[in-house]
Structures are given as structure tokens and as C-alpha cells.
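Secondary and tertiary structure notes
For reference, the chains in residue letters:
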Amino acid sequence: MSADTAVNTANEVMENGTPVSTERFLTFSSDGLNIGVSTNYVIEIITNHTITMVPLVPDYVKGIINLRGQIIPIIDIRLRMGKPSIEYTSSTCIIVLNINAISIGIIVDAVQQVMDIDQSKISPVPVENQQELINGMISSSDRSVILFLDCEQLVQSY
Amino acid sequence: MDNMLEMYLYETNTLMEQLDELLIEAEKNEAFTTNDVNEIFRIMHTIKGSSAMMEFSTLMEIAHHIEDLFFYIRENGMDSLDESHKSDLFNLMFQSTDALRVEVEKIENDEPLSTNIDQIITNINSFLEKISSSGNSSSDAQTEKADASSAAPVADAQAIAVINQELAGCPASSMPYFIRIHFEQGSGMENLRAFMTITALKEIDLQFEHYPEDVETNSETSEAIIDHGFYIALSSADDVEKAVQIIKMQNSIETYEVIENATVKAAEASSPAPAAAPAPSAAPADTAAAPAADTASAASPAKQAAPAASASHNSAPVKQSLISVNLSKLDSLVAIVGEIVITESMVTSSPDLQNLKLDNFMKSARQLRKLTDDLQDIAMSLRMVPLSGTFQKMNRIVRDMKKKLNKDVRLTLVGENTEVDKTVVDSIGDPIMHIVRNSMDHGVETTAEERIAAGKDPQAEIILSAAHTGSEVIISISDDGQGMDPEKILAKAERNGILTKPASDYSKKEILSLLMLPGFSTNEEVTEFSGRGVGMDVVKKNVEAVGGTISITSELGKGSCTTLKIPLTMAITDGMEVSVGNSMFTIPIANIRQSFKPQKEEVILDASGNEIIKCLDAFYPIIRIHELYNIETEVTNIEDGILIWVETADKSYCLFVDELLGEQQVVVKPLSSFLSNFNIKNSGIGGCTILGDGNISLILDIGNLYAATQGLY
């Protein structure tokens, strides 16, 4: 991802004169969907980490990694949403999130950009239960739709 | 200010604990010794002073009045109190210390101190009045009695004492007291050391004589001092005490003893003439005449001197160099040491070094390894504290309940110096207290008659013991009370609807473990101490929180025993690295009995196709990790891999793995709480660790691993 784009996008929104309650989101793609996650949760983005598998867990839990001495569990967001898995490529990366003091890494197809989004414009998902893990959506300036990841649900116990 | 408050609380709490111990001990002996009185006086004085400084006037007032009370007792001696006063005094002291403790707790919780302490102060004052009015009359009688009793046997005793004193080589002197000092062996220049002692004594204006007399100028006196010791003669018991204080502070003094000058006493007793006529010539004659008495009594001066010496040791606090450190600092120290241990092996087993011949490097690396091991041991030992604090608190609980329930019980502590991790000590205090209360309340028979009828000692005994066994501490609380009736327990459990299978299917062990289920309390009535329904289930939860286990055994009519097994510390363990496919696992060394290459013929199949192998005349199941965890590996033939025979408390079996990678110390890291959602603990993974090369190895929990296989089959 390019940091420049991210900053530019943010500035554009600011210039459009919307000082209302905006929140900064990191967007990534997974199985053709654009998904956003609040930057409040994002710690860092890493690539090429060796994942140690953990036995007897659901298939979407890929294992754990050692991030500078910290043990972080990794889940594949594709598998988590019930989509087929694909081979990991060079653009595949892990977004490390900290949700309510729980660190977790999610494997995504590619990271896109950081953008400011007016929270009042986020609309709820029309059909309940169809897309679990998604708690809102918005159509962005270039007509594409961004879904918002429900981080709390991601780490909830089952 | 906060720091001062912290110091104050720490100091006061320590003093209160000392005081509690002292009171319990004294109550057992039914009297305060002079040392106890001095000690209580000192403690109260300190509390008074520091409370005044911190402006906690309530505490200061209470301490002040207790101090007054003990000032009186110190002046008049414990003997001035009669029996009823003594027991009153103990009750009063316990009340007062409780009052102090309540106030200290209020300070800790940042609550305002109570202003109404008149009750306790009046109690103390009226008691003081009572003893001071009766004390005057009785003390006279007492002294008379003492005189009378001492007069008769005194002659014989003194004759013997004279002999002994001669044997000890005491110089002749008119002074009634001697202190004999022995310097440390091989310290050299004993005469000068003696002279330094003399100078120190002169500084506090003491009147004394010393032998040999010419230590300052005559270096040959050294030999005499080595052989016989250095004598200081003093005129009164008070002086002796002062001198002992000084002597204690001197360097290189090995022992000292206080000896009463028997010749002077003898002279006083036998003739009213001034004590200027000691009997050195008579003494040797006595010795010859009574060689038998000699040997018999030889032990007595030692005995006499020993308590004197040890008593004076107690009176002044033993100078301990202790500092109190914030626990969080220790935690971070332990964490860093853990990282150092990892990094050390990361450096020494770096792949860059492979295939290089580096003799000097390896030598230094070994040295480093040894040092980091030492460092780690020390870091871990810093967090270790003896259980005695927790155990001593039980004394008080037993005492209070003894009074309330009117049961005669003695508490015996065994192995109270056993050390465990600080966090463990903190979390097992409540469980132990609960179990002791249960034993007092339900375990011990209600009346002494019942005990006598059952052919037992009327005084019941509760034994609280602790012992190390390798990686665990075993704490057991046993009583010799009435024991538990399995039938009753079962019936009660049935009534409470907590049985999960027909009552007849329960074994005795299972019945006893019913006690630890939520909502079970054997006592029909709720008492002040136990039986509120929150019982053993809470205890079990607390013990399990620190990774321990709890078990109960009981024999109807003979008593019960509750055993807690607590791991010493979980932070760092020795582990064996093994590989299965691409995964690495760590098996705690403590669980491994043996590893071996099996032969195909040795493996036996049972009816359902499970593999079994015979080790040392017993059969054990084989668990293939790659099958259990669905790991792809090329090693599936039993002869290609290796079997590791493991065991835990009650299970023993063999694990099949690809190969052994080596032994390593590992820092146990908990798996993320996210993974606990998937019950990862129950699948036999106890945690994970980071290896030298940065890879992660999963630590196997041998007990749960077996349970996991049972779930699968």
C-alpha cells in the first residue's frame, strides 16, 4: 500500500469541509470485497511471517506468530467468512489488530488505503445474518462499496 | 507522602504480625516472658511513634495505652498478675490488636479512622487499675515465697556451681556476674580485639573489670584468651544487659555467655562476711571429692548459660538486612531474565555459527550459559517466600474458634519454612483458612467426651504441613476428628440434586469430591465460621487458579485430610524439544520418564486397535501426536520415530514423535486468550515458547493431552 495515497485521501475529505465525526479506516480486499477496519484497532501491517500451526482449532485459525516476543494468533479472514482459501501471494499480508486488549492478526488478500469516513453516513447492513462480521457499509467516492468489519465479533467467544 | 504511607503500612503490618505470633506463643505458655513484655513494649512504642508522625491519632492512642499497660507489667514483672488477670490480659491484648488492625485496614482502604475508641481505652485503663491495685499486695507475698524457696536448695546448687565455674576457668573476682567471650577461631590478635571490646564498654560508662588485665600491652594474653576466653566482670544484672548489647555489636565474636559468679554467691550464703573471701582452694578439693557429681552437673552450666544467651538474642531484633521491593519490579526482572535466557541460546545456537570450529567462542558461551542459569535461579528465588506467614495466621484462627466453639484443639505446623512463589502464597491463604475453619467446625468433635468415648486424646489436633516434591509444593491440612460419613454426603448431595448418576455408582473418592461441587455444605446449620454454602467449591477454584489440584481423604471416626498440590512456579521450565512433521513441541522434562526406539514386535494392539507397548513390566498406551493433531509427517512407521514415555500424577503413557531435537530451558508464554475460546487447553496444549531461532514451539500438557485422546476415541 502507498502511504501517500492514504494521506491524500484524508486531506481531500478534510478539504471538502466535513469536520463532522469522521473516523479513519484502513481498507483491505478479501475475496473481491472491500472491507474497512477502524485504525483505532490497527497496530501494524506485516508480511512474510512464519505461522506456527495450532492443533484442534477451527480451520480459519491459521496458528500463532512470534511478533517480537509477543504471541499473536492469526486467522484467515476469507475462511472466517466462509469463503474458499487461496494460495498466499506476495500481496497477502497480516493486519495486526488490538481489540479490547486482545491482539490478533488477520490474513487479507491485499491492503488498500487509509481513508476518513463520516460515521453518520455509514448505513446498516440491510439483511441480517447474511454477512456476519460486517456491521455497516458505505459507498465511497469512486462508487465502490466498503463493508465495515465488526472487530468485537471477531474476538468474541463462541 | 505515598511512599511514607507505604513504608508506614508495611512496618506496622509487620509489627502486628510479630505481635500476633508472640501473643499466640505466649498464650500457649500462659505467661509473657520478660522478653515478650519488652518486645510488646517496643512494638507498641514504634507503632505509637510512627502513627503520631503520620497523624493517625486513633492508632497512636491505642498503642499509647497498651504501652502504658506493658510499662507497668515490665516494672512489676509478670508474676504480679494472678491467673484470672493473665487470661484477661490475653483477651484484652487480642481485642486491642484487632482494634489496631481494623484501623490499619481503614488506612489501607483510604477510609476515615474511627474516632470512637473510648471503649477499648477504657478497657485497657480499667485493667491497668485492676492489676496495679492488686499487684502491690500480692507482690510482697511473692517475694517472700521466692526467698523461702530459694533458701533451701541453694547450698547444694551453689557448691556445684562453684565447681563448674572453676572448670570453666573463671578468674576469681568479687563481681557477681561474668561475661565470657570467645572470639572467632583464627581471627588473630585476640588481645587487641578484647581491648576494642573494653573500649566500647567504657564508652557507655560501665563499671567493670576484665581478665586477662593487660590485654592492651601484653600480646601473649592472646593465647590465654583463645584457651579460656576473655572475661568481663560486672556488678549488676542491668550492667550485664547493657554490656551484652555492646558485645553483640562487636565484630568477630563467636560466642559469649553470661555466668553468675558462684563463689561470690556461695560466700554470701554461707557467711554474712563481705564477699572478699572467695574459696578457690576449697573448690578443687570439692572437685576431687565428688567426681561423679562433677560429670552429672557438667551439663547444667551450659544449660544455664544457653537460655541466658539465647534469651538476650531474642530481646534485640536480629539485625537482618532486608529491603522491601515492589512486586511489579520483581516481575519485570523475572521477565527480562527470561528473555535473556532465550537470547543467550539464540546467540549460541545461531545458524551462522554452524559448521564453524570456534573453540574460544564455545568456551565463553558455556561460561555465559552458566551465568545466565545462575541469574535465572536467583531471579526466581527472589519471588520465593516462606509459607510461615500464612501458616502463622492459622494460629489465630484456631485460637479464636477454639474459644467460640469451646473445643480443645492444638494446631501443629510442619514445614512452615517451605518456600513458594509470592503469587502462590497470596492465593492459597484463603483456601487454607477455609479448610482449617472447616476442620475446626465440622471435623473436630463437638465435645471432649465424644473424643474420649472414641478412645482419642481429648485434645484434638489439626496438622498443617507443607513439603516440596520436585516441581510441586504439597500442603496438607489434616485433623483427627470424626471424619466424614460417605453415606451422609451422598444423601445430602442427592437432596441438593447435584448427583449426575445413580447414587450406588459412586465410589468413595467420587463421593468425597462431591464436597467440592458448588452448592454443597455438610453442616445443617449456618455458623459464624462456615456453612454459608460458599464452601469447598470456592477453595477448589482458587487452588486451580494457580495451577494446583485439591483432594480430600477421610476415614469415618478417624479424621480427614485435605491435600493441595501447587506448582512452585510456572514461568520457566526445562523442556524436551521434539518435532512432528513441521511442527515443534516441548514436553516438560519433569513429565518424561524415558525415551526409546521401539521395535515393531513390541507394539501390541488391543481389541479396538489402539497401540500398546510394554515398558518395565507394565503396559502403556501409545499416542501418536501426528494422528491426534492431524499433522502431516513422513514418519508414520513406529520404528522410524521415537517413543517418549511420559507420566503425570495419575496417568502414564507413551507419545510417538518423529525425533528428539534436544533439551532446552523455555520461558512459558500463555497462548492468546483468543485461542482459549477454542478450549485449546483441553486439547493438551499448555502454552507456547519461543525458541532460539525465533520459531514457536507448543508446550504439551501431558495430563490434558491424555484426556483429549480419550475424548477422541
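Here the structure is a predicted model, which means the values were calculated and not measured. (Residues numbered from 1 in each chain as written. Chains lettered and ligands numbered in written order. Predicted model: local features only at pLDDT ≥ 70, side-chain atom pairs only at ≥ 80, totals over all residues.)

**Looking at the overall build of chain B**
Across its full length, chain B holds 23 helices and 22 strands. Every one of the 713 residues in chain B was classed for burial, and the buried ones make up 30%. For chain B, restricting intrachain contacts to residue pairs at least 6 apart in sequence, the fraction spanning at least 24 positions comes to 71%. (Helix = DSSP H or I, 4+ residues; strand = E, 2+ residues; numbered from the N terminus. Buried ≥ 20, exposed ≤ 12 C-beta atoms within 10 Å, placed from the backbone. Contact = placed C-beta atoms within 7 Å.)

**A word on the overall build of chain A**
Per the secondary structure count, chain A includes three helices and 10 strands. Element order for chain A, N to C, with α for helix and β for strand: α-β-β-β-β-β-α-β-β-β-β-β-α. Considering only residue pairs separated by 6 or more positions, chain A has 53% of its internal contacts joining residues 24 or more positions apart.

**Section: the packing of helix α6 (residues 190-203) of chain B against helix α7 (residues 221-228) of chain B**
Residue and element names in this part refer to chain B. One way to put it is that α6 packs onto α7 with a least axis distance of 7 Å and a crossing angle of 80°. The angle between α6 and α7 falls in the class roughly perpendicular. Along its contact with α6, which presents E190, N191 and A194, the element α7 presents T221, S222, I225 and I226. The residue makeup of the contact of α6 with α7, split by class, is three nonpolar, three polar and one charged. (Axes fitted to C-alpha atoms, helices over the stretch in contact; angles between N-to-C directions. Parallel < 35°, antiparallel > 145°, perpendicular 65-115°, else oblique. Nonpolar A, V, L, I, M, F, W, Y, C, P; charged D, E, K, R; others polar.)

**Some thoughts on the interface of chain B and chain A**
In this complex, chain B contributes 21 residues to the contact, which on the side of chain A involves 21 residues. Looking at the side of chain B that touches chain A, the elements with two or more residues in it are α22 (673-676), β21 (685-690) and β22 (696-700) of chain B. Its residues assigned to classes, the side of chain B that touches chain A comprises 11 nonpolar, eight polar and two charged.

**What to know about the sheet that holds strand β9 (residues 472-479) of chain B**
All names here are of chain B. If you trace the five strands from one edge of the open sheet to the other, you get β6-β8-β9-β11-β10, paired in mixed fashion. Only two strands of the sheet have a single partner each, and these edge strands are β6 (409-414) and β10 (549-555). With direction set aside, neighbouring strand axes in the sheet form an average angle of 15°. Here eight bridges tie β9 to strand β11 (residues 559-567), and the two strands are oriented antiparallel to one another. In the sheet register, S476 faces β11, and the bridge partner there is T563. Docked against the sheet, helix α15 (residues 388-405) engages β6 and β8 (460-469), running at close to 175° with respect to β6. The sheet contacts of helix α16 (residues 422-443) involve β6, β8, β9 and β11, and relative to β9 the element is tilted by about 20°. (Pairing = 2+ DSSP bridges.)

**Considering α7(B)**
Residue and element names in this part refer to chain B. By the burial criterion, the buried members of α7 are T221, S222 and I225. Seen from one end, α7 has its buried residues packed into an arc of 110°, which puts them on one side. Among the exposed residues of α7, those pointing more than 90 degrees away from its buried face are E223 and D227. Looking at the buried residues of α7, the elements they touch are β1 (177-183), α6 and β3 (230-234). After α7 finishes, the residue G229 shows a positive phi value of roughly 95°. (Arc of directions from axis to C-beta.)

**Thoughts on helix α14 (residues 359-382) of chain B**
In a regular helix each residue adds 1.5 Å, so 24 residues correspond to 34 Å; α14(B) covers 35 Å between its end C-alpha atoms and thus fits that length. Where burial is concerned, little of α14(B) is hidden: two out of the 24 residues are buried. (Expected span 1.5 Å × (residues − 1).)

**With respect to the environment of B:V538**
All names here are of chain B. Topologically, V538 is positioned in helix α20 (residues 536-545). On the basis of neighbour counts, which here come to 14 C-beta atoms within 10 Å, the residue V538 falls in the partly exposed class. Along the chain, V538 and D430 lie 108 residues apart, while their C-alpha atoms are 9.6 Å from each other.

**Here's the deal with the sheet that holds strand β19 (residues 652-657) of chain B**
Residue and element names in this part refer to chain B. Taken in spatial order, the six strands make up an open sheet running β14-β18-β19-β17-β16-β15, and their pairing is mixed. Each edge of the open sheet carries a strand with a single partner, namely β14 (592-596) and β15 (603-605). Each neighbouring strand pair of the sheet contributes to a mean axis angle of 35°, computed without reference to strand direction. Two strands pair when backbone bridges link them, and strand β17 (residues 618-624) and β19 are joined in this way by three bridges, in the parallel orientation. Within β19, the residue paired with I622 across the bridge is C654.

**Looking at the packing of helix α13 (residues 327-348) of chain B against α14(B)**
Residue and element names in this part refer to chain B. Two numbers describe how α13 lies on α14: the axes approach to 10 Å, and their chain directions differ by 160°. One way to sum up the angle between α13 and α14 is to call them roughly antiparallel. Here the hand of the crossing between α13 and α14 comes out left-handed. Facing L330, L333, V334, V337, I340, V341, E344 and T348 of α13, the residues of α14 in contact are A365, L368, R369, T372, L375, Q376, A379, M380 and L382. Class assignment of the residues belonging to the contact of α13 with α14 gives a composition of 12 nonpolar, three polar and two charged. (Left-handed = near helix turned anticlockwise from the far one by under 90°.)

**What to know about unusual backbone geometry**
Unusually for a residue other than glycine, A:N100 sits at a positive phi of about 50°. Within the element layout of this structure, A:N100 appears in the loop between β6 (93-99) and β7 (102-108). With 10 C-beta atoms packed within 10 Å, A:N100 lands in the exposed category. Backbone geometry places B:E55, a non-glycine residue, at a positive phi of 65°. Summarising the element assignment, B:E55 is placed in the loop between α2 (34-54) and α3 (57-76).

**A look at the environment of B:L643**
All names here are of chain B. Structurally, the position occupied by L643 is in strand β18 (residues 642-647). According to the C-beta neighbour criterion, L643 is buried, with 25 such atoms within 10 Å. The spatial distance from the C-alpha of L643 to the C-alpha of D658 is 8.7 Å, given a sequence separation of 15 residues. Those residues within four positions of L643 in sequence are excluded, and the remaining contacts are S595, F596, P598, I613, I622, C654, L655 and F656.

**Re the nonpolar core**
Of all hydrophobic cores here, the largest spans 70 residues; its most connected members are A:I95, A:I106 and B:L655. Mapping this core onto the domain boundaries places at least three of its residues in each of domain 3 (327-383) and domain 5 (572-712) of chain B. B:L655 has contacts with B:I623, B:I625, B:L643, B:I644 and B:V646, leaving out every residue within four places of it along the chain. Counting 35 residues, the second-largest nonpolar core is a separate cluster that includes B:F391, B:Y506, B:I511 and B:M536. (Core = buried A, V, L, I, M, F, W, Y, C linked by C-beta atoms within 7 Å. Domains from an automatic or database assignment.)

**Some points on the pairing of β9(B)**
Relative to β9(B), β8(B) runs antiparallel, the two being bridged by eight bridges. Across the sheet, B:A466 pairs through a bridge with B:I475, a residue of β9(B).

**Some thoughts on the environment of B:Q250**
Residue and element names in this part refer to chain B. Tracing the backbone through its elements, the reader meets Q250 in the loop between α8 (237-249) and β4 (253-260). Among the residues examined, Q250 registers 16 C-beta atoms within 10 Å and is labelled partly exposed. A C-alpha to C-alpha distance of 6.9 Å links Q250 and T197, two positions 53 residues apart in sequence. Contacts of Q250, omitting those with residues within four sequence positions, involve M196, T197 and A200.

**Some remarks on the confidence of the model for chain A**
Across chain A, pLDDT averages 80, with 84% of residues at or above 70. Counting contacts from residues 1-15 of chain A, a segment whose pLDDT is below 50, to residues more than four positions away or on other chains yields 14 contacts. (pLDDT = per-residue confidence, 0-100.)

**Points about the confidence of the model for chain B**
Residues and elements named next belong to chain B. The pLDDT averaged across chain B works out to 75; a share of 78% of its residues lies at or above 70. Scored below 50 in pLDDT, residues 137-157 shows seven contacts in the model against residues more than four places distant or in partner chains. Across residues 266-318, confidence stays below pLDDT 50; counting only partners more than four residues off in sequence or on other chains, it has 47 contacts. Here the predicted complex carries an ipTM of 0.81, next to a pTM of 0.48.

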